[in-house]
Structures are given as C-alpha cells and as structure tokens.
Amino acid sequence: TYCDTTLLPQALFNAVNMLCPGTCTSFNNFSLYATSYQWTFNGSTMVSSTDENPQNICYNNPGSFDVTLIAENNNGSDTILLSNYIAVYPYPPPQSIIQNGDTLFALQGAQTYQWFFNGMALNGATDYYYLASQSGDYNVVCIDGNGCEVEAAIFSVLAGTIAPLENTDKWV
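Since the model is a prediction, treat every value here as computed from it, not as a measurement. Throughout, a residue's number is its position along its own chain's written sequence, starting from 1. It should be noted that, the model being predicted, local features are given only for residues of pLDDT at least 70 and side-chain atom pairs only at 80 or more, the latter also being counted only at that level, while totals for whole chains, interfaces and linings use all residues. Side-chain calculation: all heavy atoms of the structure are included, whereas hydrogens and water are not.

1. Looking at the nonpolar core
In step 1: Here, nonpolar core means buried Ala, Val, Leu, Ile, Met, Phe, Trp, Tyr and Cys residues that are tied together by side-chain atoms lying within 4.5 Å of each other. Residue burial is assigned from relative accessible area. The probe radius is 1.4 Å, only protein chains are included, and a residue is buried under 20% of its type maximum, exposed over 50%, and partly exposed in between. The biggest cluster of nonpolar side chains holds 19 residues, and the ones touching the most others in it are Phe13, Phe27, Trp39, Tyr59, Val67 and Ile86.
In step 2: Counting residues in each nonpolar core, the second largest holds 18 residues, with Leu122, Ala125, Tyr138 and Ile154 among its members.

Written out as structure tokens, the structure is:
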C-alpha cells in the first residue's frame, strides 16, 4: 500500500471483539501513513506485537480488555486506545452426561446440543438427551446463548444389554 511519510500517521483498527473464553481474534489495521506499529493487548496470551495485522490473539479469561495501537512514521506517531474493546463472555456452565438405561442425558439449559458417537456427529441428535443404540464412547457439544461451547463425554457406554439366555438344550 502507498504510504506518504510526509504526513503524520493515523492509527485505526478493528477486530471481532466479542469472544468466548479460550478463543482468538485477528486485528485489521487501517492506519494511514504509518511505517511501523506497536500493539498492546491487555488480557491476552500475547501481550504485544509489532505486526501490521496481528493474527490469533487469544483471550482465555472472561472480562473486558483494552487494546492500544501506536502507528508511527518518520514524522511522528498516533496512538489509539480502545478501552474495554475486547469483551470475553463468561464461561458457559459446566456440562456432564448421565446414563439412565440406554438414554444419555446432558444438563438442560444450553441453546443447542450435538451428540457424537466415537467421534462422529450423530445426524439429528440435537436434543439434551440421546437414546444410545450402540455401545461405545459418546460426547455432547453444547452451545450457550453467547455462542460459547462446552463439551462433556461418557466412555464405554453399554447399550441394549440383555440378560444371557438360559441354555434350554438338555444332554442326556
């Protein structure tokens, strides 16, 4: 991009700024007339960067966090501080699975549910419960009203277990 270094820089940026805990965002730098950049990301796993467009800036904990960009060239610098720019939602409630007979139950209250069997999504299994028709490992991914995921798993489910048949053959 063209950079007229006879003008003072103007710092401008944006990013997806509503995040779930443990997710990342990338910053789009729209600064004018700048030749170098100094970013500060409060609350992130990467505290600072000199990249023009920092990628994969991760936030693990809920809260609101400031972002600062200093755009510079030979004539000076411009600083933009956006207070509480990054908002990280609270952690979704923990999830668990309880088995009652062949039925698996996740905790109710999530916005959506998706059940998996041995790592593969089960088509149409989108309720808080699932009737296990096969033995194996099950998990459920639940999404809360903010779009944040939480997962629970249950291993070695025995489905359709029946009592052993009596031997009716008689040997004489």
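So much for the structure itself; the text now carries on.
2. Quick notes on the packing of aromatic side chains
Geometrically, a pair of aromatic rings is defined through the distance of the ring centres and the angle of the planes.
In step 1: Centres within 6.5 Å make a pair out of two Phe, Tyr or Trp rings, where for Trp the six-membered ring is used; the pair is then stacked when the planes are under 30 degrees apart, edge-to-face when over 60, and tilted otherwise. In total, this model carries 13 aromatic pairs according to the counting rule given.
In step 2: With centroids separated by 5.5 Å and ring planes inclined at 80 degrees, the aromatic side chains of Phe13 and Tyr85 adopt a geometry described as edge-to-face. In this pair, Phe13 is assigned in strand β1 (residues 13-15) and Tyr85 in strand β9 (residues 76-88), connecting sequence segments 72 residues apart. For the pair Phe13 and Tyr85, a shared accessibility class is recorded, and that class is buried.
In step 3: Arranged with centres 6.3 Å apart and planes meeting at 40 degrees, the rings of Phe105 and Tyr128 form a pair that is tilted. Separated by 23 residues along the polypeptide, Phe105 in strand β11 (residues 103-106) and Tyr128 in the loop between β13 (120-121) and β14 (129-131) bring together distant segments of the chain. Here a helix means four or more residues in a row that DSSP labels H or I, a strand means two or more in a row labelled E, and each is numbered from the N terminus.

3. Re the environment of Phe30
In step 1: Take Phe30: it is sitting in the loop between β4 (27-29) and β5 (36-41).
In step 2: Residue Phe30 is classed as partly exposed on the basis of its relative accessible area, which comes to 45%.
In step 3: As for Phe30 and Asn14, which are separated by 16 residues in sequence, their C-alpha atoms are 7.9 Å apart.
In step 4: Should any heavy atoms of two residues lie within 4.5 Å, those residues are considered in contact. In this structure Phe30 touches Leu12, Phe13 and Asn14, once residues within four positions along its chain are discounted.

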